[in-house]
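Architecture and fold: a report
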Amino acid sequence: MSQTDTMAAGSQRIISREELLQLKKEMNARALTRRRVRTGTLLVANIIMAVVILLPLLYAISIAFMPSGELFTTDLNLFPKNPTIQNFVDAFTNVPLLKFILNSFIMAGCITIGQIITCSLAAFAFSFLEFKGKGLLFMVVMATMMVPGEATIISNYLTVGNLGMLDTYPVLIIPYLTSAMGIFLFRQFYMTFPISLYESAKLDGCGNLRFIVKILIPLTKSAIGAMAVYTFINAWNMYMWPLLVTGSNDMRTVQIGISMLNSVDSQSITMMIAGVVMIIIPSISIFIVGQKQLIRGMFSGAVKG
Amino acid sequence: MNAVKKSKWNASPYFYLVPCMLVFAVFLFYPFFKTIFLSLFLTDKMGQAKVFVGMQNYMDLLTSESFRNSLKVTLIFVVIVVVGGMLLGLIAAVLCNKAFPGIRFFSTSYALPMAIASSSAAMIFEIMLHPTVGIVNKMLGLDINWLNNPDTALYCVAILTAWLNSGINFLYFSAGLGNIDETIYERASVDGAGSIQKFFSLTLPGLSPIMFYTLVVNIIQAFQSFGQIKILTEGGPDEATNVIVYSIYRDAFFNYRFGSAAAQSVILFIIVMLITLVMFRIEKKGVSY
Amino acid sequence: MSEIVLRNVCKEYEKGNFAVKDFSLDIHDQEFIIFVGPSGCGKSTTLRMIAGLEDISDGELWIDDQLCNYFDPKDRGLSMVFQNYALYPNMTVYGNLAFALKVRKASKSEIDEKVHKVARILEIEHLLDRKPAALSGGQKQRVAIGSAIIRRPKAFLMDEPLSNLDAKLRAQMRIELAKLHKELETTIIYVTHDQTEAMTLGTRIVVMKDGVVQQVETPIELYNHPVNLFVAGFIGSPSMNFFQAHVTEENGRMVVFIGNPKDGKKIYLEGRRSELARLRAMDQDVTLGIRPEDIHEYADAAELGIEKATVGMNVTVTAREMLGAEVFLYFDEQKKTHAVRLHPKNQTMTGEKIDLYFDPKKIHLFDQNTEESIFYREETV
């Protein structure tokens, strides 16, 4: 022990205490600079990326507050010099924006609730019950994911046209009351529960519906949350179907209604953008509020499996 | 009594499938087959099948200059959208992978485009690309009428779509990065790998399963882009942005040629299905762990 | 020849919150150093600081006379085996083994030769084309070790490499690791919470608790001369028995009373031990520690000649474990259960009484305030 002690000490005696301190200080400073440079680079890269991604939105917000006269200059006018809310007021008075927003809320809300109900029922059957043709039926459901919506949209339009359902709420909602992806997502979640969960509930005299409502739904809150956020945003943003089946201001959704502001009359550009900003706000708010939920639900079980 | 109970037991599973199957049947299976049926007919203005023409609609399409242009335009469009959208998502996900101050803000920003409707985005881009007041021309000091120029219109619409899709791609890639075991990076540092080597030999292969899934979803989605084209270019100028979906819309709802539109829908379906099948075939060989 | 020296190394997560504090150690060439301690004691953190995966908050790390505090992991010339093996999932076993050489731009033929050599040593040649997902735990372990030894590092760092294996494989790998250490002639720094691994593998053991080094010793020294109550209790299985005791003088002889002196359970101290007890614990309450194998029944005590130095403790056996080569008897005393290891010929059954004799040369006394051993070091000097 004593011999090795002097050996170790000997190796260090090559440099004096002061030199050592000096060396440590230098290395410390260098390491600190290096780390700062690394974090700084990452931060700068992120800021650049964020500006690129957010540019359209920031630009839209800026224009929405710009008096329409200010837009028509040749210089680079990134920010409104005299911010105004007149554009928003105009947007509301020029088109029944509130009615559109209400329509969209009704449509997106009903689609969201409907999908959650139909998808959890179907996923329950596919994961807990045994019946003939289960595998085949599930394959059929999954295969529907491959059919692009446009491949069916003409026939659907003709169908609802013949039924005289055009320009009503049901025609906006009913075709979207279920989704293969939702069934898949819920099933992925249900499969993580042991079948004994269902069997013991059954033994306790719990019926299937009760089992779904009292046990499955509380256990899959995160999946339901994710599904709700995702479905609502997609329904809110739907364009082609509402474009085809709505004709009157009473039924138009925001995405269709807002394009009514889209006129060649350049004077109304700022008003149109103000309208766009208004209708982006609900979907973005829901996204920001539900983002955590969405990520946890969509990616914890679904994609991995 | 027993028999009744038993039959009830057997029927009950199907009861839970009724709501979803009903919707699928009426709005997916039936129209799907009806579309195939319609594609074999000439139709009247109400979409009623009138004259059976067999494969004539398909033959007409495949020999039509306009449809071949549509195919070409769609292909270019899809490639730009998929590559651009995935690249944006991937870069954002890699930038946002390590913890640093402000990461919450940045990751929300990167995912944000997924919450924006194609129509809203299209209207914003319309102003950005406006020849006189648009920010793009002002910043670049150019005077280009982006959306009215056949050389640039398609790229503009494609880049907009790539931007829209980058949000969800970012989420997919972030989830994929999160699934990569952190310690293999530690081992790689001790083994002597630099950050570029780590990216190419660990990160990219580690992302490959999710990359594949994202690729398939992106391709399918890109084929279906409609709103932005309807608002920004309406297929023009000079059919430069007349992707198949828009061509279907125009044929059916402007020209009332439902038969031809249906045939195009079927072709679109076949293309998407073939690509998906080929991708899955490749995946079975390529991504194997 | 490589030497790793740690001088007052600290890891401070927040101000005043130390994960590791003043860790000082000289690790010589070809040593097999074990960091052992309960979870959260800072042993892994220390290892990761040596590897360069964690920053060193304070203190110095010297590798071969170079101050390495701020070197990148790759420039420290070390290799590491991780607890979860950290195999690259997208590469074959071959690719995993070759990776460290490949990134260092070794030639193809050199890589190929070394990979096959290592695979032969570890008997994984037939697995070279497999992906890690297709390997068993033991095979993954071998690949992880193989990827570490394929280079000639200055030292191997191993972070609980055997903890994910089942008991049988663990015992087997333990023996192979010891063999490997001899063959490789390289320093190994090994973290474990398993004291069997520590005792069997280490040339020296560092026992840690709450980020502070308790004792650095060879396994046998550590076992026989624990520096404090913690080390005494942590090393050994079943662990050391502890009793409340009192040191006093009786008719000129130093004596330790177990429990209440009135009970008369006492042990006489001799020689140097007696002097140390007088010096450091006179008339004090102490904790007495004794290992299960240092408690004897009468016949053995008589053979050892200790029956006169200690008064037999008459206890009731509460449990009996017959292990073939040895038998463990358990008894309750001072509201705690204690163990005795006896020859299997002993036939005392559960519920029966037995007289037990403590070997006075093997007892440990610990100060009740500092928890430090009263006999430590001085005794052997």
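Residues numbered from 1 in each chain as written. Chains lettered and ligands numbered in written order. Predicted model: local features only at pLDDT ≥ 70, side-chain atom pairs only at ≥ 80, totals over all residues.

**Notes on the overall build of chain A**
The line we're drawing: To qualify as a helix, a DSSP run of H or I must reach at least 4 residues; to qualify as a strand, a run of E must reach at least 2; elements of each kind are numbered from the N terminus. Only C-alpha atoms enter the radius of gyration, while the globule expectation follows 2.2 Å times N to the 0.38, with N the number of residues. Once C-beta atoms are placed from the backbone, each residue is buried if 20 or more other C-beta atoms lie within 10 Å of its own, exposed if 12 or fewer, and partly exposed for counts between those two. Residue pairs qualify as contacts under a 7 Å threshold applied to their C-beta atoms, which are placed from the backbone.
Helix and strand counts for chain A come out as 15 helices and zero strands. Against the 2.2 N^0.38 benchmark of 19 Å for 305 residues, chain A shows a C-alpha radius of gyration of 30 Å, more extended than a compact globule. In terms of overall dimensions, chain A has C-alpha extents of about 100 × 75 × 35 Å along its principal axes. Here chain A holds 305 residues, and the buried ones make up 41% of them. Put simply, of all contacts in chain A between residues at least 6 apart along the chain, 79% involve residues at least 24 apart.

**What about the sheet that holds strand β15 (residues 295-296) of chain C?**
Across a sheet, paired strands are connected by hydrogen bonds in the backbone, their directions being either parallel or antiparallel. All names here are of chain C. Using the following cut-off: Pairing between strands is defined by DSSP: at least two bridges between them are needed.
The strand order β15-β19-β16-β17-β18 describes an open sheet built from five strands, whose pairing is antiparallel. Of all the strands in the sheet, just β15 and β18 (336-342) have a single pairing partner and so form its edges. Here β15 pairs with strand β19 (residues 353-358) via two bridges, running antiparallel. Residue pairing for β19: I295 is matched across the bridge by F358.

**Describing the interface of chain B and chain C**
Keep this limit in mind: Each residue gets one of three labels, nonpolar for Ala, Val, Leu, Ile, Met, Phe, Trp, Tyr, Cys and Pro, charged for Asp, Glu, Lys and Arg, and polar for the others, Gly among them.
In this complex, chain B contributes 15 residues to the contact, which on the side of chain C involves 19 residues. For the side of chain B that touches chain C, the elements supplying multiple residues, two or more each, are α8 (182-191) and α9 (195-223) of chain B. Of the residues forming the side of chain B that touches chain C, the biggest block, seven residues, is contributed by α8 of chain B. In terms of residue class, the side of chain B that touches chain C is made up of six nonpolar, five polar and four charged.

**Some remarks on the interface of chain B and chain A**
With 70 residues of chain B in contact, the opposing surface of chain A contributes 67 residues. Here the residues of the side of chain B that touches chain A sort into 54 nonpolar, 13 polar and three charged.

**Details of the confidence of the model for chain A**
All names here are of chain A. Put simply, the rule reads: Values of pLDDT, the confidence the predictor places in each residue, fall between 0 and 100.
On average, chain A scores 82 in pLDDT, and the residues at 70 or more come to 91%. Ranking the elements of chain A by mean pLDDT puts helix α1 (residues 2-12) last with 42 and helix α5 (residues 97-128) first with 91. Note that pLDDT drops below 50 for residues 1-13; the model gives that stretch six contacts with residues more than four away or on any other chain.

**Some details on the sheet that holds strand β20 (residues 364-367) of chain C**
Residues and elements named next belong to chain C. Put simply, the rule is: Note on method: axes are straight lines fitted to C-alpha atoms, helices fitted across the in-contact stretch only, with angles between N-to-C directions ranging 0 to 180 degrees.
Read from one edge to the other, the open sheet built from five strands follows the order β13-β12-β11-β14-β20, with strand pairing classed as antiparallel. Taken across any chain shown, the strands that pair with only one partner, and hence form the sheet edges, are β13 (266-268) and β20. Neighbour-to-neighbour, the strand axes of this sheet turn through a mean angle of 40°, independent of strand direction. When strand β14 (residues 285-290) meets β20, the two strands line up antiparallel, connected through four bridges. When the bridges of β20 are listed, V286 appears paired with D367.

**A closer look at the environment of I36 of chain B**
All names here are of chain B. When you line up the elements, I36 lands in helix α1 (residues 2-38). Here I36 falls in the partly exposed class, since 16 other C-beta atoms lie within 10 Å of it. On a C-alpha basis, the gap between I36 and V245 in space is 16 Å, while along the polypeptide they are 209 residues apart.

**Focus on the UniProt feature "transmembrane region" (unreviewed entry) in chain A**
All names here are of chain A. Note the threshold: UniProt positions are given in the numbering used here, feature names are shortened, and annotations may be inferred rather than shown by experiment.
In the numbering used here, UniProt assigns the "transmembrane region" (unreviewed entry) feature to residues 42-66, 105-129, 136-157, 169-190, 211-233 and 269-290. Taken end to end, residues 42-66 is 92% helix and 0% strand, and its two terminal C-alpha atoms sit 34 Å from one another. When the span residues 136-157 is considered, its composition is 73% helix and 0% strand, and the gap between its end C-alpha atoms is 29 Å.

**Some words on the packing of α5 of chain A against helix α12 (residues 221-236) of chain A**
Residues and elements named next belong to chain A. Note the following rule: Working rule for handedness: look at the near helix, and if it is turned counterclockwise from the far one by less than a right angle, call the crossing left-handed; if clockwise, right-handed.
Interhelical geometry of α5 versus α12 gives an angle of 145° and a closest axis separation of 9 Å. In this structure, α5 meets α12 at a crossing whose hand is right-handed. Facing α5, whose interface residues are S104, M107, A108, I111, T112, Q115 and I116, α12 presents I224, M227, A228, T231, F232, A235 and W236. Residues of the contact of α5 with α12, tallied by class, amount to ten nonpolar, four polar and no charged.

**Considerations on the nonpolar core**
Using the following cut-off: What makes a nonpolar core is a set of buried Ala, Val, Leu, Ile, Met, Phe, Trp, Tyr and Cys residues, with links drawn between C-beta atoms within 7 Å.
Core analysis: the largest hydrophobic core is formed by 166 residues, its most contacted members being A122, F124, I183, I273 and V276 of chain A together with I124 of chain B. Examining the composition of this core, we find that 15 residues originate from one element, helix α7 (residues 153-178) of chain B, more than from any other. In this structure, V276 of chain A is in contact with A60 and I258 of chain A together with S120, M123 and I124 of chain B, ignoring residues within four places of it in sequence. Core analysis: the next-biggest nonpolar cluster, separate from the first, contains 112 residues, V190 of chain B together with L127, F156 and V227 of chain C among them.

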